[in-house]
Protein chains: 4
Amino acid sequence: MYSFANDYSEGAHESILEEMTRTARRQTGCYGIDEYCDAARQAIQKDLQNPESAIHFLVGGSQTNMIVATLVLRPHQGMVSAASGHVNVHESGAIEGTGHKVLALPCDEQGKLTAAQVDEYIQGHYDDSTAEHMVQPGMVYISNPTENGTIYTKQELTELKAVCEKWNIPLYMDGARLGCALTSHANDLTMADLGKLTDIFYIGGTKMGALFGEALVINNPAYQADFRSIMKQRGGMLAKGKLLGIQFHQLFKDGLYYELAKYANDQARRLEQGIKALGYGFLVETPTNQIFPILPKKVLERLSGRYSWSFWCGIDAEHDAIRLCTSWATPAEMVEAFLADLAEAGK
Amino acid sequence: MYSFANDYSEGAHESILEEMTRTARRQTGCYGIDEYCDAARQAIQKDLQNPESAIHFLVGGSQTNMIVATLVLRPHQGMVSAASGHVNVHESGAIEGTGHKVLALPCDEQGKLTAAQVDEYIQGHYDDSTAEHMVQPGMVYISNPTENGTIYTKQELTELKAVCEKWNIPLYMDGARLGCALTSHANDLTMADLGKLTDIFYIGGTKMGALFGEALVINNPAYQADFRSIMKQRGGMLAKGKLLGIQFHQLFKDGLYYELAKYANDQARRLEQGIKALGYGFLVETPTNQIFPILPKKVLERLSGRYSWSFWCGIDAEHDAIRLCTSWATPAEMVEAFLADLAEAGK
Amino acid sequence: MYSFANDYSEGAHESILEEMTRTARRQTGCYGIDEYCDAARQAIQKDLQNPESAIHFLVGGSQTNMIVATLVLRPHQGMVSAASGHVNVHESGAIEGTGHKVLALPCDEQGKLTAAQVDEYIQGHYDDSTAEHMVQPGMVYISNPTENGTIYTKQELTELKAVCEKWNIPLYMDGARLGCALTSHANDLTMADLGKLTDIFYIGGTKMGALFGEALVINNPAYQADFRSIMKQRGGMLAKGKLLGIQFHQLFKDGLYYELAKYANDQARRLEQGIKALGYGFLVETPTNQIFPILPKKVLERLSGRYSWSFWCGIDAEHDAIRLCTSWATPAEMVEAFLADLAEAGK
Amino acid sequence: MYSFANDYSEGAHESILEEMTRTARRQTGCYGIDEYCDAARQAIQKDLQNPESAIHFLVGGSQTNMIVATLVLRPHQGMVSAASGHVNVHESGAIEGTGHKVLALPCDEQGKLTAAQVDEYIQGHYDDSTAEHMVQPGMVYISNPTENGTIYTKQELTELKAVCEKWNIPLYMDGARLGCALTSHANDLTMADLGKLTDIFYIGGTKMGALFGEALVINNPAYQADFRSIMKQRGGMLAKGKLLGIQFHQLFKDGLYYELAKYANDQARRLEQGIKALGYGFLVETPTNQIFPILPKKVLERLSGRYSWSFWCGIDAEHDAIRLCTSWATPAEMVEAFLADLAEAGK
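Residues numbered from 1 in each chain as written. Chains lettered and ligands numbered in written order. Predicted model: local features only at pLDDT ≥ 70, side-chain atom pairs only at ≥ 80, totals over all residues.

**Q** Please set out the overall build of chain A residue by residue, giving values where relevant.
**A** When its secondary structure is counted, chain A shows 14 helices and 13 strands. Relative to the compact-globule value of 20 Å for 347 residues, chain A shows a C-alpha radius of gyration of 21 Å, a close match. Principal-axis analysis of the C-alpha atoms gives chain A an extent of 60 × 60 × 35 Å. A burial count over chain A gives 58% of its 347 residues as buried. For chain A, restricting intrachain contacts to residue pairs at least 6 apart in sequence, the fraction spanning at least 24 positions comes to 75%. (Helix = DSSP H or I, 4+ residues; strand = E, 2+ residues; numbered from the N terminus. Rg over C-alpha atoms; globule rule 2.2 N^0.38 Å. Buried ≥ 20, exposed ≤ 12 C-beta atoms within 10 Å, placed from the backbone. Contact = placed C-beta atoms within 7 Å.)

**Q** Before we move on, can you summarise the pairing of strand E3 (residues 77-82) of chain A with the specific residues and values?
**A** Residues and elements named next belong to chain A. Buried residues dominate E3, accounting for six of its six residues. Alignment of E3 against strand E5 (residues 136-143), held across four bridges, turns out to be parallel. Within E5, the position partnered with Gln-77 by the bridge is Gln-136. With four bridges connecting them, E3 and strand E4 (residues 102-105) associate as parallel partners. (Pairing = 2+ DSSP bridges.)

**Q** Outline the relation of the copies chain A and chain B, listing residues and values.
**A** Of the two same-sequence chains, chain A is brought onto chain B (RMSD 0.0 Å, axial shift 0.0 Å) by a rotation of 180°. As the rotation angle and translation indicate, the two copies are arranged about a two-fold axis. Comparing contact sets, 100% of the residues at the interface of chain A also lie at the interface in chain B, consistent with an isologous, same-surface contact. (Least-squares fit on C-alpha atoms with pLDDT ≥ 70 in both.)

**Q** So what's going on with the environment of Ala-239 of chain C? Which residues, and what values?
**A** Secondary-structure assignment places Ala-239 of chain C in the loop between helix H10 (227-233) and helix H11 (242-253). For the pair Ala-239 of chain C and Ile-33 of chain C, spaced 206 residues apart in sequence, the C-alpha to C-alpha distance is 10.0 Å. For Ala-239 of chain C, the contacting residues outside a window of four places in its chain are Cys-30 and Tyr-31 of chain C together with Tyr-8, Gly-60, Thr-206 and Phe-212 of chain D.

**Q** Describe the domain arrangement of chain A, listing the residues and the values that go with them.
**A** Examined at the domain level, chain A breaks down into domain 1 (2-7 + 257-345) and domain 2 (14-256). Looking at which element gives the most residues to the side of domain 1 of chain A that touches domain 2 of chain A, the answer is helix H12 (residues 256-277) of chain A, with eight residues. (Domains from an automatic or database assignment.)

**Q** Which residues make up the sheet that holds strand E7 (residues 200-204) of chain A, and what values do they have?
**A** Residues and elements named next belong to chain A. The seven strands are arranged E2-E8-E7-E6-E5-E3-E4 in an open sheet whose pairing can be described as mixed. Whereas interior strands pair on both sides, the edge strands pair on one side only; in this sheet they are strand E2 (54-58) and E4. Pairwise comparison of adjacent strand axes, ignoring direction, gives a mean angle of 25° for this sheet. In this sheet, E7 lies alongside strand E6 (residues 171-174) in parallel orientation, the contact comprising two bridges. Opposite Tyr-172, over in E7, you have Ile-200 as the bridge partner. (Axes fitted to C-alpha atoms, helices over the stretch in contact; angles between N-to-C directions.)

**Q** If you had to explain the interface of chain A and chain B to someone new, which residues and values would you point to?
**A** Counting from both sides, the interface comprises 42 residues of chain A and, opposite them, 42 residues of chain B. When residues of the side of chain A that touches chain B are traced back to their parent elements, those giving at least two are helix H1 (14-22), helix H3 (61-72), helix H5 (94-97) and helix H10 (227-233) of chain A. When residues of the side of chain A that touches chain B are assigned to their parent elements, the largest contribution, four residues, is made by H1 of chain A.

**Q** Explain the interface of chain A and chain D to me, and be specific about the residues and the numbers.
**A** The interface of chain A with chain D comprises 13 residues on the first partner and 13 residues on the second. In terms of residue count, the dominant contributor to the side of chain A that touches chain D is H10 of chain A (five residues). Among the residues forming the side of chain A that touches chain D, the class breakdown is two nonpolar, six polar and five charged. (Nonpolar A, V, L, I, M, F, W, Y, C, P; charged D, E, K, R; others polar.)

**Q** Lay out the relation of the copies chain A and chain D with the relevant residues and their values.
**A** Between the two copies, chain A and chain D, the superposition gives an RMSD of 0.0 Å; the rotation angle is 180° and the shift along the axis is 0.0 Å. Counting the interface residues of chain A, we find that 100% of their copies in chain D are interface residues as well, pointing to one common contact surface.

**Q** An account of the sheet that holds strand E6 (residues 171-174) of chain D is needed here, citing residue identities and associated values.
**A** The strands that make up a sheet pair up through hydrogen bonds in the backbone, lying either parallel or antiparallel. Residues and elements named next belong to chain D. Strand order in the open sheet made by the seven strands is E2-E8-E7-E6-E5-E3-E4, with mixed pairing throughout. Each end of this open sheet is capped by a strand with a single partner; those strands are strand E2 (54-58) and strand E4 (102-105). With direction set aside, neighbouring strand axes in the sheet form an average angle of 25°. In the sheet, strand E5 (residues 136-143) pairs with E6 via four bridges, with the strands oriented parallel. When the sheet's bridge partners are listed, Ser-143 is paired in E6 with Asp-174.

**Q** Kindly report on the confidence of the model for chain A, identifying the contributing residues and their values.
**A** Per-residue confidence for chain A averages 97 on the pLDDT scale, and 100% of its residues sit at or above 70. This complex was scored by the predictor with a pTM of 0.97 and an ipTM of 0.97. (pLDDT = per-residue confidence, 0-100.)

**Q** Help me get a handle on the packing of helix H1 (residues 14-22) of chain C against helix H1 (residues 14-22) of chain D, residues and values and all.
**A** The contact between H1 of chain C and H1 of chain D brings their axes to 10 Å, and the two run at 170°. As summarised for this structure, H1 of chain C and H1 of chain D are arranged roughly antiparallel, according to the angle between their axes. Contacts between H1 of chain C and H1 of chain D pair Leu-17, Met-20 and Thr-21 of chain C from the former with Leu-17, Met-20 and Thr-21 of chain D from the latter. Residue composition of the contact of H1 of chain C with H1 of chain D, by class: four nonpolar, two polar and no charged. (Parallel < 35°, antiparallel > 145°, perpendicular 65-115°, else oblique.)

**Q** So what's going on with the packing of helix H6 (residues 115-127) of chain C against helix H7 (residues 154-167) of chain C? Which residues, and what values?
**A** Residue and element names in this part refer to chain C. Direction vectors running N to C along H6 and H7 enclose 15°, while the axes themselves pass 8 Å from each other. Classified by the angle between their axes, H6 and H7 sit roughly parallel to one another. Classified by chirality, the crossing of H7 by H6 is right-handed. The residues of H7 that touch H6, namely those facing Ala-115, Val-118, Asp-119 and Ile-122, are Glu-159, Leu-160, Ala-162, Val-163 and Trp-167. Of the residues assigned to the contact of H6 with H7, the class counts are seven nonpolar, no polar and two charged. (Left-handed = near helix turned anticlockwise from the far one by under 90°.)

**Q** Run through the environment of Val-59 of chain B, naming residues and quoting values.
**A** All names here are of chain B. Mapped onto the elements of the fold, Val-59 is located in the loop between strand E2 (54-58) and helix H3 (61-72). Classification of Val-59 by C-beta neighbours within 10 Å gives buried; the count is 28. When the C-alpha positions of Val-59 and Gly-205 are compared, they lie 8.9 Å apart, and in sequence the two are 146 residues distant.

**Q** Hey, could you go over helix H14 (residues 332-346) of chain C for me, with residue numbers and the actual values?
**A** Residue and element names in this part refer to chain C. Over its 15 residues, H14 runs 21 Å from end to end, which matches the ideal 21 Å to within 8%, given 1.5 Å per residue. Those residues of H14 that sit buried are Val-335, Phe-338 and Leu-342. Mapping the buried residues of H14 onto a view down its axis gives an arc of 60°, with all of them on the same face. Away from the buried face of H14 by more than 90 degrees, exposed residues Glu-333, Ala-340 and Glu-344 are located. (Expected span 1.5 Å × (residues − 1). Arc of directions from axis to C-beta.)

**Q** Any chance you could break down unusual backbone geometry for me, citing the residues and the numbers?
**A** Residue and element names in this part refer to chain A. Residue Pro-145 is reached from Asn-144 by a cis peptide bond, and omega for that bond is -5°. Structurally, Pro-145 is set in the loop between E5 and helix H7 (154-167). Residue Gln-49 is not a glycine yet carries a positive backbone phi of 60°. By secondary structure assignment, the location of Gln-49 is in the loop between helix H2 (35-48) and E2. In this structure Gln-49 comes out as partly exposed when scored by C-beta crowding, with 13 C-beta atoms within 10 Å. Positive phi is not limited to glycine here, since Ser-92 has a value of about 50°. Tracing the chain through its elements places Ser-92 in the loop between helix H4 (86-89) and H5.

**Q** I'd like a rundown of H1 of chain D, residues and numbers included.
**A** Taken together, the buried positions of H1 of chain D are Ile-16, Leu-17 and Met-20 of chain D. Relative to the axis of H1 of chain D, the buried residues are bounded by an arc of 95° and lie together on one face. With respect to the buried face of H1 of chain D, the exposed residues turned more than 90 degrees away are Glu-14 and Arg-22 of chain D. Tucked into the core, H1 of chain D has its buried residues touching H1 of chain C together with helix H11 (242-253) of chain D.

What follows is the structure, given as structure tokens:
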């Protein structure tokens, strides 16, 4: 059975494992202070182009979000997020576990926050005579791509940043699948843009071809001072930090990160086009490695022994929307096979 | 320069990296539910021999301690620990970060808690008329080996467990370097003993030849129910959990874990004997991979360009105690070289 | 200017202050262990009729909710509440501050949760294949009266309790204005019913004629063990606990609590009938001491120098819904005056 | 039986209850924004003389300490305190409950921190190469009088403040019994000194003749911004805040606070002198309302039906140190009676 259920079912790209193997017995510094982490930081800075940014390496995405909330928010503040945001739904209450409310704003199938919406919400908070008794908006969380595979344009991000500056709170971007956003045909943002248009963002490795790891980029110096102690306190400081350095160095020294992400996007486009060609529609149009076709339950049943996917939501008595996810490792032949089997199953 | 500063400066044993490389593109389940984790659990169970135990895999030691505190303690309870315990000193307040006080009891250079001491402390708590206003002892934390490289005997552990049972609180053993305890010449405990004499313990991988990873063993069914949600909430659930499974499977399927630990111990014994032969004493006698020689500052200065170590404490105007730490990867020739250079420096 | 803005603008009923004055220099036990607290417990038990219940006295409502969340919830659990619930909106994130998410369910103008809605939500949680990554529903919070002044019927409460029992989680009722529920003409619940149909509830004093204070009733023995330590830890243990005992003894020894609540309800009914007689409608029909008339902005402006109230929500360009709140101390003549002035203003 | 066990066994001074009674039905603002709180602030400012200070009113001391920790400390920081400090021993882990370690420094029977000791401790923290893995000292907590009834001199406080400024962390003084410090014969500090020599301190009401209540004075503007939201979040915002305003206005408008404290001190001095005259010694010399005589157990047994006190510590097989505590309400005749009975019991 082949799985399109997610993009973290495999291990890591071979070049990463080769470098880990090559250096297996080499001694280095620990806890993220070592030559590999330095090299990784430099490689990322080639694209980031923001010498003021501090770059730290963490193991996982929920961990990173939890630590950023701890770093940024005052006790009475909350994190503004789309209702469908990962922090609001799929982290077992990690943000709340640090003492902070996720302030969930409604969103449509795109899963995006708009600048106008955020502005109106924060304005409403301060207009309320009982604001003092309500959780103060302390940061804005977005992810790019979103949970639903859509991406932010430079215009949208610029507007969101302006609203955050108006209210003097930071904009944080979860980039668990950032590579797939930056290499999407629909994208007009660069890494250097993110170095200016966000206060903090992270470059996801786990879902983009690394074994694990996320590179947290703190652009705003106001949030740089205490980071390592807080990372340690919340269990996020990897003893052999070099493992993160090695991975991000491999991913960024020659653009492998983007190659792998583009590859995943390409497979998704082929799947999307094939599915469209068979006459099926989609819950939402996405330009990245997650697609959301609406398929007859009958057809899904026929495919269910050979492929797996994520159930997304019911559409009507006879149709479901599912999520198909490609990765850096999805074989092109499996995409072909799936489309062929889907065509057969739909007959 | 060669470092004896710690046992996590290197990467991992080759067999681990080979298996990771071999399986780099293989799809499996995620979040610790996969065939490698299952195989690792079975391999550990061969030694553990406790079918009631639940085994979970986490990334790091401080993370594991933080999550166990969250799992076990009621809000008003604290964790009893030796004052020198890792949770009390070197985790940036991770336990307190989860809302719980570390109840630090005094200890000598051995760094151990005694059953009598714990019993007296808890008795004192309940005898105090203001107990209700004081943090209730909710668990006992020990590490084996301790921070100071000493180990618990079966007799000592049996007595500690009896005290914990008397007061109806769990005994938790931090086994960051457990292999070095179990393979010490002075040891009389087995993995199966730990499956009976502790409520929860962890088998350290990070310091014992893995890239990273700790295997948490929850023997007491009372603490098994909610574990995965709490692990997720605190950022401890690795997406590609198989990486932990692969490592612990490699370490335990044929006894590699013990081999690597014994190797580290052996190098420490050779260092210890060589240092003794040169006429130097030790802060504390230890039977594991950490040793604490007392050396003239003058001698240390002479060695300082070629070797590194951890400063432990000052002894007098002319002497310091240092920690030398060996690992699974310490080359025998570096031990020889160090001893030769030490002899030379002491002349 | 006279205020109908809330029911905690005044001090306390004279009988309470007389008893405090009479006993000002009398020595008693502290921290809620004294003869006045005992007497108050006995007086409440006359109505409660549940010898298994433990009764504790706290200072305020948000404090009580925060401490109950701490007491009841496991780290990964959240509190199910109507979106309009006080814990979700007006406690500055106190529940999240203890590490727990408020799981807000949509509600209409009644502000109530239904058993079917709670059942469906919890069912949905466990049906989701990612339940482990989502906050587990750990308790159900309702308030009676609700934030919107409506009340639960015995039938509704019985059904909610059954759903909670089905899922094995406790039902907690916030009774900040409980007296106004129990003495409402529309009510069919008794204090003894609450002793059976909730796991925990509190009898509000602050808004019902006391200086301050809430009597927390823990019916379910499973939640009784650690309460006093947790109350102390969260800053909720009043040194001179007798002040709470004195107040609840005065309120419950001869039914003063119900008298004061009924008085407040009666004033609200007179206001309501008077406003209806003038031809105005209401946002929601309520049978307690909060009413929500919809009035022309023009009329409100004319009244605004002489009376104050709470703005509730805009209705259309020319109308707002406001909240008028009566209390144990609202003079009947102020109700008359308001109605006369409203009639005049509406001309 | 008469109790010298503590100074919060009685109610409150009559003038407080008279004013509460007089204003029982008067409407005012809520949550600490009302004319009584304003008047109380002005009355305190007469002595404080620091127009930059913000003054807030809270219900209890542990609550105040918990909220100040929440306000001041970053997540990875701890509160430096004498080991005998109230926050370290008698608050059920309230500080840890907010996520912060109490960094307990050893102290003698005086229960005081010295500037040199704090400086050395903080210096040691930053000198340690693993500082990043250790809890960062984030504030210094002292109480005046201390838990042991001793007081700080102006010189000592000035030095402590200088050390705090050197390390750029705030000095916080718990003044649960502040009146007894300021009116002690041994005191050379004024309220105005505290407005300059501390960043934050509180003026205790509960133990000094109020029903309850502590006036928190935030001298340092850096900690003033978010206070009310944090106070609300932690359950510390009293709905009828005027009750606190009324009390502190009564206590400070004409110096009643100092009168009551001096009265308590005077009774303690008479007890102390009488006990000395009978030939008994003291565990520690104190100049406030707590005294710690060392008495034969045999004598204590004889007195035990007629008086109560707090057991402090055992001295030898035949002697215990006890704490005798006087209050604003201790009748002079009970002091006489105790001394006469002690003389008789010692025969």
